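Residue-level structural notes
For reference, the chains in residue letters:
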Amino acid sequence: MPQIDSIEDLLKLAALTAAAVSAAIIVWYLVRRPPLGRLTKALLFLGLGVMPLGVALTGNIAGYEYTLKRPFCGSCHVMGAYVRDAEDPKSKSLAAIHSRNNRFGGESCYTCHADYQMFGAVTTKLNGLKHLYFYVTEYANTGPDGEGGPTIHLYKPYSNKTCMTCHSTGAPRWSGVEEHQAMLDDIRKNETSCVTCHTEVHPTALAHRAKAEKAEEKRP
Amino acid sequence: MMKHADVKKLTYVSAVATLGAVGLMVASIVFPKPALLVFAMSVGQGLGTLSLATYLLAIALDLQSGGGLIERVEEDVGEIKSDTAHE
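Figured I'd write up the structure that's included with this text. (Residues numbered from 1 in each chain as written. Chains lettered and ligands numbered in written order. Predicted model: local features only at pLDDT ≥ 70, side-chain atom pairs only at ≥ 80, totals over all residues. Heavy atoms only, no water.)

1. What to know about the packing of helix 1 (residues 7-32) of chain A against helix 2 (residues 38-67) of chain A
Residue and element names in this part refer to chain A. Following both chains from N to C, one finds helix 1 and helix 2 inclined at 155°, their axes separated by 8 Å at the closest point. Classified by the interaxial angle, the pair formed by helix 1 and helix 2 is roughly antiparallel. In this structure, helix 1 crosses over helix 2, and the sense of that crossing is left-handed. Residues of the contact of helix 1 with helix 2, tallied by class, amount to 20 nonpolar, 5 polar and 3 charged. (Axes fitted to C-alpha atoms, helices over the stretch in contact; angles between N-to-C directions. Helix = DSSP H or I, 4+ residues; strand = E, 2+ residues; numbered from the N terminus. Parallel < 35°, antiparallel > 145°, perpendicular 65-115°, else oblique. Left-handed = near helix turned anticlockwise from the far one by under 90°. Nonpolar A, V, L, I, M, F, W, Y, C, P; charged D, E, K, R; others polar.)

2. With respect to the pattern of salt bridges
Two side chains that carry opposite charge are able to pair once their charged atoms sit near each other. Residues and elements named next belong to chain A. If you walk through the whole model with that rule in mind, you get 6 salt bridges over all chains. Measuring nitrogen to oxygen at the nearest pair gives 3.5 Å for the salt bridge that ties Glu8 to Lys12. Linking Glu8 with Lys12, this pair stays in helix 1, spanning 4 residues, or about one helical turn. The partner of Lys69 in a salt bridge is Glu8, and the shortest N-O contact between them spans 2.8 Å. Of the two residues, Lys69 is situated in the loop between helix 2 and helix 3 (70-73) and Glu8 in helix 1; the sequence distance between them amounts to 61 residues. (Salt bridge = Lys/Arg side-chain N within 4 Å of Asp/Glu carboxyl O.)

3. Some words on the interface of chain B and chain A
At the junction of the two partners, chain B supplies 31 residues and chain A supplies 35 residues. Between chain B and chain A lies a buried interface of about 2800 Å² when both sides are counted; carbon and sulfur atoms form 79% of it. When the buried surface of chain B facing chain A is broken down by residue, Ile29(B), Pro34(B) and Tyr55(B) rank first, second and third, together holding 21% of it. If you look at where chain B meets chain A, you find 1 salt bridge. In this structure, Asp62(B) and Lys41(A) form a salt bridge, with 2.6 Å as the shortest nitrogen-oxygen distance. At the boundary of chain B with chain A, the tally comes to 3 residue pairs in polar contact (both at pLDDT 80 or more). The element best represented in the side of chain B that touches chain A is helix 1 (residues 4-30) of chain B, accounting for 14 residues. Across the side of chain B that touches chain A, the residue classes tally to 20 nonpolar, 5 polar and 6 charged. (Contact = heavy atoms within 4.5 Å. Buried area = accessible area lost by both parts, 1.4 Å probe. Polar contact = N/O pair within 3.5 Å; in protein donor to acceptor, adjacent residues only side chain to side chain.)

4. Points about the nonpolar core
If you look at the biggest cluster of nonpolar residues, it comprises 13 residues, and the most contacted ones within it are Tyr29(A), Leu36(A), Leu44(A), Leu48(A), Ala15(B) and Tyr55(B). Looking at which element gives the most residues to this core, the answer is helix 2 (residues 34-64) of chain B, with 4 residues. Ala19(A), Val55(A), Ala56(A) and Val22(B) belong to the second largest nonpolar core, which has 7 residues in total. (Core = buried A, V, L, I, M, F, W, Y, C linked by side-chain atoms within 4.5 Å. Buried < 20%, exposed > 50% of the residue type's maximum accessible area, 1.4 Å probe, protein only.)

5. Some points on the side chain of His180(A)
Residues and elements named next belong to chain A. In this fold, His180 is placed in helix 10 (residues 178-182). Relative accessible area serves as the criterion here: at 13%, His180 is assigned to the buried category. Among the polar contacts made by the side chain of His180, one reaches the main-chain carbonyl oxygen of Trp174 at a distance of 2.9 Å.

6. Side note on empty space enclosed by the protein
Take a probe with the size of a water molecule and roll it over the atoms, and the empty space left behind shows itself. By the definition in use, this model includes 1 cavity of 30 Å³ or more. Lining the largest cavity we find 16 residues, and of these Gly59(A), Asn60(A), Met25(B), Ser28(B) and Ile29(B) sit closest to its centre. Elements that contribute at least two residues to the lining of the largest cavity include exactly helix 2 of chain A together with helix 1 and helix 2 of chain B. Broken down by element, the lining of the largest cavity gets its largest block of residues, 7 residues, from helix 2 of chain A. Looking at the lining of the largest cavity residue by residue, the class counts come to 10 nonpolar, 5 polar and 1 charged. (1 Å grid on protein atoms, 1.4 Å probe; cavity = no way out; pocket = protein on both sides within 12 Å on 5 of 7 lines; lining within 4 Å. Points joined across faces, edges and corners; volume = space filled by probe spheres on them.)

7. A word on the packing of helix 2 of chain A against helix 2 of chain B
Across the interface, helix 2 of chain A lies against helix 2 of chain B with an axial gap of 11 Å and an inter-helix angle of 160°. Considering their axes alone, helix 2 of chain A and helix 2 of chain B lie roughly antiparallel with respect to each other. The two elements helix 2 of chain A and helix 2 of chain B cross, and the hand of that crossing is left-handed. Between helix 2 of chain A and helix 2 of chain B, the contacting residues are Thr40(A), Lys41(A), Leu44(A), Phe45(A), Leu48(A), Gly49(A), Ala56(A), Asn60(A), Gly63(A), Tyr64(A) and Thr67(A) on the first element and Leu37(B), Met41(B), Gln45(B), Leu52(B), Tyr55(B), Leu56(B), Ile59(B) and Asp62(B) on the second.

In structure tokens form, the structure reads like this:
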């Protein structure tokens, strides 16, 4: 009996059960070829309509839930160095520190890189499609961690709004830092980026590796 | 007018296409890799929708051309044959 630990597991089980019922009905029809009577039509409606719709709906939600998780982001080899650093318990990079958070650590890539605005999830997933396009067209034949491919960069400057989803800029410990006090308005208005000072986000990122820099210099 | 054989052919095509679509969706659940997920959520679901539409079309055409009368005759003939064989 498979262990069900989350809604995602439950949805996967529901999708697989619906798929099995659908496949059983279809295989029965294709093998036996019964006359198209009322019962056969009703069974086929179940196997060709209701059950596949169930697979699509539950599968979509389960798939979406999985795309939020770090292993999904790490399934493309160009992300290898980023994910290894994030999962390193000794690493002191911002990515690793945030990935050790119990509340969202398993979804740290999505939590820090998603658009938090209306339809943010949609724009984030559309950007994911763009990632896939670039992966296939530019990084498919690159080295173990994407060496030899173009340097990975963000589509737009990193927004402080993402940091401020958790770091409200109002907590006493945060406000106690002198630099924060001096730049409070600029930080809140997104005029000074958090990552301007907190630079060690992904220290093992492709752009920081010597081979990648050389490859980038050679590009026309 | 739609022939009975064409209705059966449409149903057969729909069944095979649905099997393919369900297979793709299951593959994306069992092996959730980016390319497979995108493929299943676009091509897989598109194929599934088309095959359901094909099946509904087959049923509509079947009802239009006699509402399953031929099937009932086929079933009756089958029963008569089996009764004769028993005798």
